[in-house]
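Structure assessment
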Amino acid sequence: KQWYQRRVRGERKKIAAFLADYDDERDDEKYYRGSVLARRIRDREREVEVDERDRRKEKEEYDDLRKRLQEEYPDKDPDELIAKLNKEEEEEKEVEDDSSPETTRRS
């Protein structure tokens with residue numbers, strides 16, 4: 001989930017930068033004509049296929065985890081356990097991010 005959120009944030013930044021710099025008269029021909037357009041459509045179709053495959057894989061992993069938790073803890077709601085695990089993982093990640101050399105300033 002965190003990987004996906006980082007990927008989405010990165011894509012948002014790329015798109016925002018692209019749109020801020022985009023000039024219809026200069027760029028339309030570059031991005032929306034002939035073979036360039038066909039290539040962009042093919043690339044987008046491949047991206048959709050990869051995204052769909054990733055979603056299926058993530059769902060399978062989620063369903064497997066849910067099933068294992070249900071078998072191991074029959075008296076507890078597996079969705080609540082998954083939410084708890086996700087929260088703990090996010091908290092650990094925040095601690096790692098806070099202590100990484102990139103975010104720690106030296107005086």
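These remarks concern the structure in this document. (Residues numbered from 1 in each chain as written. Predicted model: local features only at pLDDT ≥ 70, side-chain atom pairs only at ≥ 80, totals over all residues. Heavy atoms only, no water.)

**Quick look at the overall build of the protein**
Basically, it comes down to this: Where helices and strands are cited, they refer to DSSP runs of H or I of at least four residues and of E of at least two residues respectively, numbered from the N terminus. When we talk radius of gyration, it's over C-alpha atoms, and the globule rule is simply 2.2 Å times the number of residues to the 0.38. Per-residue accessibility, obtained with a 1.4 Å probe over protein chains only, is compared with the maximum for each type, and a residue is labelled buried under 20%, exposed over 50%, and partly exposed between these values. With residues, only the protein chains shown are counted as cover, and all accessible areas are computed by Shrake-Rupley using a 1.4 Å probe. For the purpose of counting charges, residues Lys and Arg are taken to be positive, whereas Asp and Glu are taken to be negative. His and the chain ends are not included. The location of each charge is read from NZ of Lys, CZ of Arg, CG of Asp or CD of Glu.
Helices and strands together make up the secondary structure of the protein, namely four helices and zero strands. Helices and strands appear in the protein in the N-to-C order α-α-α-α. Over its C-alpha atoms the protein spans a radius of gyration of 21 Å, topping by over 25% the 13 Å that the globule rule assigns to 107 residues. When its C-alpha atoms are laid out on the principal axes, the protein stretches across 65 × 45 × 15 Å. Across the 107 residues of the protein, 7% fall into the buried class. When the accessible surface of the protein is totalled, it reaches about 10000 Å², and 47% of it is carbon and sulfur. Distance between charge centroids for the protein: 3 Å, based on 29 positive and 36 negative side chains.

**Examining the packing of helix α3 (residues 34-72) against helix α4 (residues 78-99)**
Rule in force here: A fitted line through C-alpha atoms represents every axis, and for helices the fit uses only the stretch in contact; the resulting angles, taken between N-to-C directions, go from 0 to 180 degrees. Oblique is the label for every angle not falling under 35 degrees (roughly parallel), over 145 degrees (roughly antiparallel), or within 65 to 115 degrees (roughly perpendicular). Here a crossing is taken to be left-handed if its near helix is turned anticlockwise relative to the far helix by less than a right angle, and right-handed if that turn runs clockwise. The contact criterion used is simple: two residues touch if any of their non-hydrogen atoms lie within 4.5 Å.
Put simply, α3 and α4 touch, their axes get as near as 9 Å, and they point 115° apart. Overall, the two elements α3 and α4 adopt an arrangement that is roughly perpendicular. Crossing of α3 over α4 shows right-handed handedness. Touching Tyr62, Leu65, Arg66, Leu69 and Gln70 of α3 are Pro78, Asp79, Leu81, Ile82 and Leu85, all from α4.

**Considering a positive patch on the surface**
Worth spelling out the cut-off: Patches draw on residues past 30% relative accessible area with no salt bridge. Two like charges within 9 Å are joined, as are two nonpolar side chains (Val, Leu, Ile, Met, Phe, Trp, Tyr) within 5 Å. What counts as a salt bridge is simple: a side-chain nitrogen of Lys or Arg found within 4 Å of a carboxyl oxygen of Asp or Glu.
On the surface, Arg6, Arg9, Arg12 and Lys13 cluster together into a positively charged patch. Along the chain, Arg9 falls in helix α1 (residues 2-21).

**Re the environment of Tyr62**
Locating Tyr62 in the fold gives a position in helix α3. For Tyr62 and Tyr22, which are 40 residues apart along the polypeptide, the C-alpha to C-alpha distance reads 40 Å. In contact with Tyr62, other than residues within four places in its own chain, are Asp79 and Ile82.

**Some thoughts on the packing of aromatic side chains**
We describe a pair of aromatic rings using the distance from one ring centre to the other and the angle between the two ring planes. Which entries qualify depends on this criterion: In this analysis, rings of Phe, Tyr and Trp, with Trp reduced to its six-membered ring, are considered paired at centre separations within 6.5 Å, and the interplanar angle assigns stacked below 30 degrees, edge-to-face beyond 60, and tilted for intermediate values.
Per the stated rule, a full pass over the model turns up one aromatic pair. Ring geometry for Phe18 versus Tyr22: centroids 5.2 Å apart, planes at 50°, classification tilted. Looking at Phe18, the relative accessible area reads 29%, which means it is partly exposed.

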